[in-house]
Each structure stands twice: as C-alpha cells, then as structure tokens.
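Summary of the model geometry
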Amino acid sequence: MGGTGRLGRLVVDALADGHALRVFARHATAAEPALAPVERIDGDVRDSDAVVAAAAGASCIVLASHGVESRERDGLETVDVLGARAVVAAATRHACSIVLVSAVGAAPDARQPLARTKWAAEQIVTASGVPWTIVRSASFAQTWAMILTLSAGGSGRPSLIGRGEAIHRFVDVRDVAGVVARAATDDALRGRILEVCGPAGLSASQLAEMVQVANSWHGSPRHLPVAAARIIASCLTPFRPDLARRLTLGIAMNVSQPADGADAEAPSWLVTRPITPETMRWSPPSTVPTA
C-alpha cells in the first residue's frame with residue numbers, strides 16, 4: 001500500500017527479485033517512471049473492500065501511504081486512520097502480517113501533525129491481534145532535497161521557514177527502504193518497533209547549504225518568518241489543504257526532533273548513510289514521488 005512514492009518504489013525494488021509483489025495505490029497502473037515488473041492495482045487505501053480484495057494470497061502487507069499530499073481537508077487523518085483499519089481488516093481476513101511505516105516522534109500530542117496521525121495508525125495496528133512490525137522513520141533527506149531545490153526557484157537560494165536551526169536526524173530514504181523490506185520478510189521482527197534515523201543531527205539550514213553546494217549555487221538561504229507561514233497556511237487550508245499541510249510541517253521543523261522512543265529500537269544490523277551534498281542533489285523526474 002503506497003508503493004509508488006519515494007519510499008515505496010525503493011521497497012518494491014528491494015523485494016522484486018525473489019518475491020511475488022502486488023502494488024496497491026491510487027495510480028499504480030499509470031505510475032511513471034514505471035515500477036518494477038510487479039502486479040499493480042489502482043485503489044484507495046481507505047476503501048476497505050478494495051484493500052481486502054487486493055490482499056488475497058499475501059503473506060505480508062506493507063502500509064507505506066500517507067495523506068500529506070491529499071487535497072481533502074481531512075486527508076492526512078483519513079489516509080492514516082482509515083487506511084490502517086482497512087489493512088487490519090485485510091490482514092485479519094487473509095491471516096497475514098503488517099509492516100506499518102510510521103514517523104519518529106509518533107505520539108498523541110506530537111507537534112508534527114503527521115506524527116499524531118501515525119501514532120493513531122500505530123494504535124490500530126498494534127491492537128489488531130495480527131502480527132505486526134512498525135518502522136518509525138526520521139524525515140527523508142531526499143524529500144527535503146526536493147523541497148529546498150524547488151523553493152529556490154531560479155534564485156539559487158533555498159527558502160526556509162523560521163531560522164532553520166533545530167536539529168533533526170534526517171535519514172537517507174534508501175536506508176529506511178532496506179529496513180522496511182527486511183521487516184516484510186523476517187518474522188523475527190514481529191511485535192517490534194524499529195526506529196531509523198540518520199547518523200548525525202543536522203539542521204534545515206545545513207541541508208539548504210548542501211543543496212547549494214550540490215548545485216554550485218551561491219548566496220545565503222532565504223527565511224520566511226514562522227508567523228507569516230502560519231497566516232499563509234491558515235489562508236490556504238480551505239482551498240489547498242495539501243499546501244497548508246506542507247507549511248505546517250515546515251513550521252514544526254523549527255522544534256528539534258524528539259528523543260528516541262522508549263518503546264523503539266534501532267535496527268542492530270543497520271549502518272545508516274551520512275547525509276552529504278550528493279544526497280541533497282535533486283532533479284525533477286517525469287513524475288515527482290510524494291512520499
């Protein structure tokens with residue numbers, strides 16, 4: 001579920017050799033660039049009947065979707081919560097396990113809206129009675145490479161919300177994909193919460209500087225005051241909730257990443273890649289992944 005985005009594509013690639021896969025997403029059959037040669041089904045993860053039907057014969061369901069890009073006002077909440085319920089119904093029907101991709105800092109009172117909805121999804125999955133693994137990820141460096149590159153426009157100066165000095169352990173999405181792929185095939189990881197973070201704390205300002213180095217850009221990043229971003233997000237919410245959500249997530253990035261969850265563990269086998277200017281080099285593909 002969610003196999004066409006930035007993370008999902010890498011998970012599909014990691015599992016395509018040696019495993020029969022089925023990708024269920026809103027535009028799975030039309031995804032560009034083309035997915036690996038796997039079965040593809042178009043559908044909405046919130047449609048329980050469609051999810052149950054798509055999961056027939058599966059041994060594990062990977063739920064990697066999110067509602068950040070949804071243009072529905074309640075898209076963030078419904079994709080995670082209704083999606084988790086639909087996947088639980090499918091896993092219960094077909095006696096298979098679930099791997100849920102969540103977020104570092106997931107909690108009912110988290111500052112990040114995404115972390116709150118992921119926490120709600122976690123509660124649905126862990127209370128379901130089906131075998132599960134949760135993979136909590138820090139923010140993908142590659143997502144921020146895209147955001148910062150696009151924000152620069154033709155100026156060569158990426159835009160940040162606030163000062164951009166809060167510290168986060170941004171992670172290379174390839175490392176997260178590797179953990180998700182292993183979790184999908186290793187029953188020894190059931191009942192565990194795995195937390196995947198980058199090897200060092202970095203600020204958004206440092207990422208912006210890496211983007212500039214990667215593109216041979218000069219000058220200092222631009223800064224949008226947090227108060228101004230809140231006003232813009234409020235005005236956008238009725239018309240473009242997806243853009244308002246991006247601003248809200250950017251605002252929340254001004255608070256440093258919470259400490260590792262007491263209920264989570266770092267994968268013992270994983271050595272995460274450092275984030276470098278090469279990691280932060282982004283150019284638009286024919287279709288921009290959204291996850």
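Look a little higher up for the structure.
Residues numbered from 1 in each chain as written. Predicted model: local features only at pLDDT ≥ 70, side-chain atom pairs only at ≥ 80, totals over all residues. Heavy atoms only, no water.

**Overview of the overall build of the protein**
Scanning the protein for helices and strands turns up nine helices and ten strands. Taking all 291 residues of the protein together, 51% fall into the buried category. Restricting to contacts in the protein with at least 6 residues of sequence separation, those with at least 24 account for 76%. Accessible surface computed for the protein: about 13,200 Å², of which carbon and sulfur atoms make up 55%. (Helix = DSSP H or I, 4+ residues; strand = E, 2+ residues; numbered from the N terminus. Buried < 20%, exposed > 50% of the residue type's maximum accessible area, 1.4 Å probe, protein only. Contact = heavy atoms within 4.5 Å. Areas by Shrake-Rupley, 256 points an atom, 1.4 Å probe, with all protein chains shown as cover.)

**Description of helix α1 (residues 6–16)**
Within α1, burial applies to Arg6, Leu7, Gly8, Arg9, Val11, Val12 and Leu15. Against the buried residues of α1 lie β1 (22–25), β4 (97–103), α5 (141–152) and α6 (173–185). Positive backbone phi, approximately 110 degrees, marks glycine 18, located one or two places after α1.

**Some points on the sheet that holds β4**
Within a sheet, neighbouring strands are paired by backbone hydrogen bonds and run either parallel or antiparallel to one another. Spatially, four strands are ordered β3-β4-β5-β8 in an open sheet, and the strand pairing comes out parallel. Edge positions in the sheet fall to β3 (60–63) and β8 (192–196), since each of these pairs with one other strand and no more. If you compare each strand with its neighbour and ignore which way they point, the axes differ by 20 degrees on average. Where β3 lies against β4, four bridges are found, and the strand directions are parallel. Opposite isoleucine 61, over in β4, you have isoleucine 98 as the bridge partner. Across the face of the sheet, α6 comes into contact with β3, β4, β5 (132–137) and β8 while running at roughly 175 degrees to β5. (Pairing = 2+ DSSP bridges. Axes fitted to C-alpha atoms, helices over the stretch in contact; angles between N-to-C directions.)

**Considering the state of the cysteines**
Inspection of every chain in the model, using the stated rule, returns zero disulfides. Considering cysteine sulfurs only, cysteine 96 is the nearest to cysteine 60, which forms no disulfide, with 7.1 Å between them. (Disulfide = S-S within 2.5 Å.)

**Overview of the packing of aromatic side chains**
Tallied over the entire structure, the rule returns one aromatic pair. A centroid spacing of 6.4 Å and a plane angle of 70 degrees characterise the contact between tryptophan 144 and phenylalanine 170, whose relative ring orientation is edge-to-face. Residue tryptophan 144 is found in helix α5, and its partner phenylalanine 170 is found in the loop between β7 (167–168) and α6; the two are separated by 26 residues along the sequence. We note arginine 182 situated over the ring of tryptophan 269; from NZ or CZ to the ring centre the distance is 3.9 Å. (Phe/Tyr/Trp six-rings, centres within 6.5 Å; stacked < 30°, edge-to-face > 60°. Lys NZ or Arg CZ within 6 Å of the ring centre and 35° of its normal.)

**Structural notes on the pattern of salt bridges**
The full count for this structure, using the stated rule, is 13 salt bridges. Across the salt bridge formed by glutamate 39 and arginine 22, the nearest N and O atoms sit 3.1 Å from each other. Here glutamate 39 is found in strand β2 (residues 39–42), whereas its partner arginine 22 is found in strand β1, with 17 residues between them in sequence. The class of glutamate 39 is partly exposed, set by a relative accessible area of 43%. Where aspartate 175 meets arginine 273, a salt bridge forms, and the shortest distance between an N and an O atom there is 2.4 Å. Of this pair, aspartate 175 sits in helix α6 while arginine 273 is found in the segment after α9 (241–252), placing the two residues 98 residues apart along the sequence. Via salt bridges that share partners, Glu122, Arg136 and Glu195 belong to a single interconnected network. (Salt bridge = Lys/Arg side-chain N within 4 Å of Asp/Glu carboxyl O.)

**Remarks on unusual backbone geometry**
Within the chain, alanine 95 stands out as a residue other than glycine whose phi angle is a positive 55 degrees. Among the secondary structure elements, alanine 95 is positioned in the loop between α3 (75–94) and β4. In this model, serine 216 sits at a positive phi of 55 degrees, which is unusual for a non-glycine residue.

**A short note on the side chain of aspartate 80**
Mapped onto the secondary structure, aspartate 80 falls in helix α3. On the basis of relative accessibility, which here comes to 3%, the residue aspartate 80 falls in the buried class. Reaching out from aspartate 80, the side chain makes a polar contact with the side chain of threonine 117 at a distance of 2.9 Å. A polar atom in the side chain of aspartate 80 sits 2.9 Å from the side chain of lysine 118. With residues up to four places along the chain from it excluded, the contact list for aspartate 80 reads Ser65, His66, Leu114, Thr117, Lys118 and Ala121. (Polar contact = N/O pair within 3.5 Å; in protein donor to acceptor, adjacent residues only side chain to side chain.)

**Focus on helix α4 (residues 113–126)**
Here α4 contains 14 residues, and its C-alpha end-to-end distance of 20 Å stays within 8% of the 20 Å for a straight helix at 1.5 Å per residue. Along α4, the positions that sit buried rather than exposed are Pro113, Leu114, Ala115, Thr117, Lys118, Ala121, Glu122 and Val125. (Expected span 1.5 Å × (residues − 1).)

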